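Per-entry structural report
Each chain, letter by letter, is given below.
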Amino acid sequence: MAVGIFDSGLGGLTVFDAVAKRLPDVPLVYFGDNSHAPYGVRDAQDVYDLTTAAVERMWDEGCDLVILACNTASAAALRKMQERWVPTNKRVLGVLVPLIEALTERSWGDNSPPREVEVKHVALFATPATVASRAFQRELAFRAIGVDVEAQACGGVVDAIEDGDMILAEALVRSHVEALHRKMPSPQAAILGCTHYPLMHQAFQDALGPEVKVYSQADLVAESLADYLQRHPKMIGSGQQSKFLTTGDARKVSDRATQFLRRQIQFEVA
Ligand code: DGL
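As the structure is a prediction and not an experimental result, all values here were calculated from the model.

With that settled, consider the site of the ligand. Taken together, 13 residues form the shell around the ligand, and within it Ser8, Tyr39, Asn71, Thr72 and His196 come nearest. Glycine 40 is positioned such that a nitrogen or oxygen atom in its backbone is 2.7 Å from an oxygen atom of the ligand. In this structure, a nitrogen atom belonging to the ligand sits 2.7 Å away from a side-chain N or O atom of histidine 196. Here the ligand loses 99% of its free accessible area of 290 Å² to cover by the protein chains. Most atoms of the ligand, that is more than half of them, are within 2 Å of grid points of the largest cavity. Partitioned by chemical class, the residues of the shell around the ligand number five nonpolar, seven polar and one charged.

Right under this line is the structure:
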């Protein structure tokens, strides 16, 4: 009974950690495609090809349900995967919708027509590919009206985090927030639309100021997954063992993951 959690690299560990705390009895197979990260600068076909290959590998581990804990894959590949690739007995879910449901004050899976919501000015920080896809705006428009979204593509942040260079990552966050402020001086809320960014949550909050509510996905995704599994208990697959798989250098990736989660994490080669 395992659930798969996928990311291009280490960012999905923020989601993994929250899910592991929320669902401690569910074995989780984490897959980081570190040798191909970052996805955020790739085109949609490339992201689709890499994501489908990784998800297939997780099916081999007994995961019938895979969470794309990667906004770039959720934005650029998920819809096409769901429409023409995922077999009927498997599920692949993304991380954008739980976040938008929280922002628009909806219960999980509430598909009622769009309505006015409290928040009117939203800053979206995401990878260049996620911003280019406009998937966030599309999903938001299904649920809310009258929300002004200003998107800031945060080039370089994922590379810096994957390299463990948090000083560079912080400097880049400050400069991306400055760029956002030039376009939207007073956002009410900010979306960290990349699963790597919660690792820089404080840097975003400091640069944005205390009055801005910063949304990040980990806990929201964990909560919506718990709700989903309650409604669809059969989607917990046959896998029995939690494990961490990477396409990258297992030792290097394990060291970085241990540093980020502050506990021993051992990756093996996918
Ligand atoms: N952490 C991923 C996301 O949420 C991927 C970032 C990347 O590989 O560029 O978008």
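The next subject is the layout of surface pockets. Of the pockets and cavities examined, the largest pocket occupies roughly 590 Å³. Elements represented by at least two residues in the lining of the largest pocket include exactly helix H3 (71–76), helix H4 (78–84), helix H5 (96–103), helix H7 (135–141) and helix H11 (218–231). With six residues, H11 is the largest single contributor of residues to the lining of the largest pocket. When grouped by side-chain class, the residues that make up the lining of the largest pocket number 13 nonpolar, six polar and seven charged.

Membership of the largest hydrophobic core comes to 53 residues, with the highest contact counts inside it found for Leu13, Phe125, Tyr197 and Phe204. When residues of this core are assigned to their parent elements, the largest contribution, seven residues, is made by H11. Sequence-distant contacts of leucine 13, defined by excluding residues within four places in its chain, comprise Tyr30, Phe244, Ala257, Leu261 and Phe267. Within the second largest apolar cluster, 23 residues are counted, among which are Tyr39, Val47, Cys70 and Val86.

Inspection of the entire model under this criterion finds zero disulfides. Not engaged in a disulfide, the cysteine cysteine 63 finds its nearest cysteine sulfur in cysteine 70; these two sulfurs lie 17 Å apart. Free cysteine cysteine 194: the closest other cysteine sulfur is in cysteine 70, separated by 7.0 Å. The class of cysteine 194 is buried, set by a relative accessible area of 5%.

Attention now moves to the pattern of salt bridges. If you walk through the whole model with that rule in mind, you get 13 salt bridges. Between lysine 243 and glutamate 61 there is a salt bridge, with the nearest N and O atoms lying 2.9 Å from each other. Residue lysine 243 is located in strand S11 (residues 243–246), and its partner glutamate 61 is located in the loop between helix H2 (44–60) and strand S3 (63–68); the two are separated by 182 residues in the primary sequence. Per residue, the accessibility class of lysine 243 equals that of glutamate 61, and both read buried. Connected via shared salt-bridge partners are Asp17, Lys21 and Arg263.

Conventions we followed
- Residues numbered from 1 in each chain as written.
- Predicted model: local features only at pLDDT ≥ 70, side-chain atom pairs only at ≥ 80, totals over all residues.
- Heavy atoms only, no water.
- Near = heavy atom within 4 Å.
- Polar contact = N/O pair within 3.5 Å; in protein donor to acceptor, adjacent residues only side chain to side chain.
- Areas by Shrake-Rupley, 256 points an atom, 1.4 Å probe, with all protein chains shown as cover.
- 1 Å grid on protein atoms, 1.4 Å probe; cavity = no way out; pocket = protein on both sides within 12 Å on 5 of 7 lines; lining within 4 Å.
- Sits in = over half its atoms within 2 Å of the grid points.
- Nonpolar A, V, L, I, M, F, W, Y, C, P; charged D, E, K, R; others polar.
- Points joined across faces, edges and corners; volume = space filled by probe spheres on them.
- Helix = DSSP H or I, 4+ residues; strand = E, 2+ residues; numbered from the N terminus.
- Core = buried A, V, L, I, M, F, W, Y, C linked by side-chain atoms within 4.5 Å.
- Buried < 20%, exposed > 50% of the residue type's maximum accessible area, 1.4 Å probe, protein only.
- Contact = heavy atoms within 4.5 Å.
- Disulfide = S-S within 2.5 Å.
- Salt bridge = Lys/Arg side-chain N within 4 Å of Asp/Glu carboxyl O.

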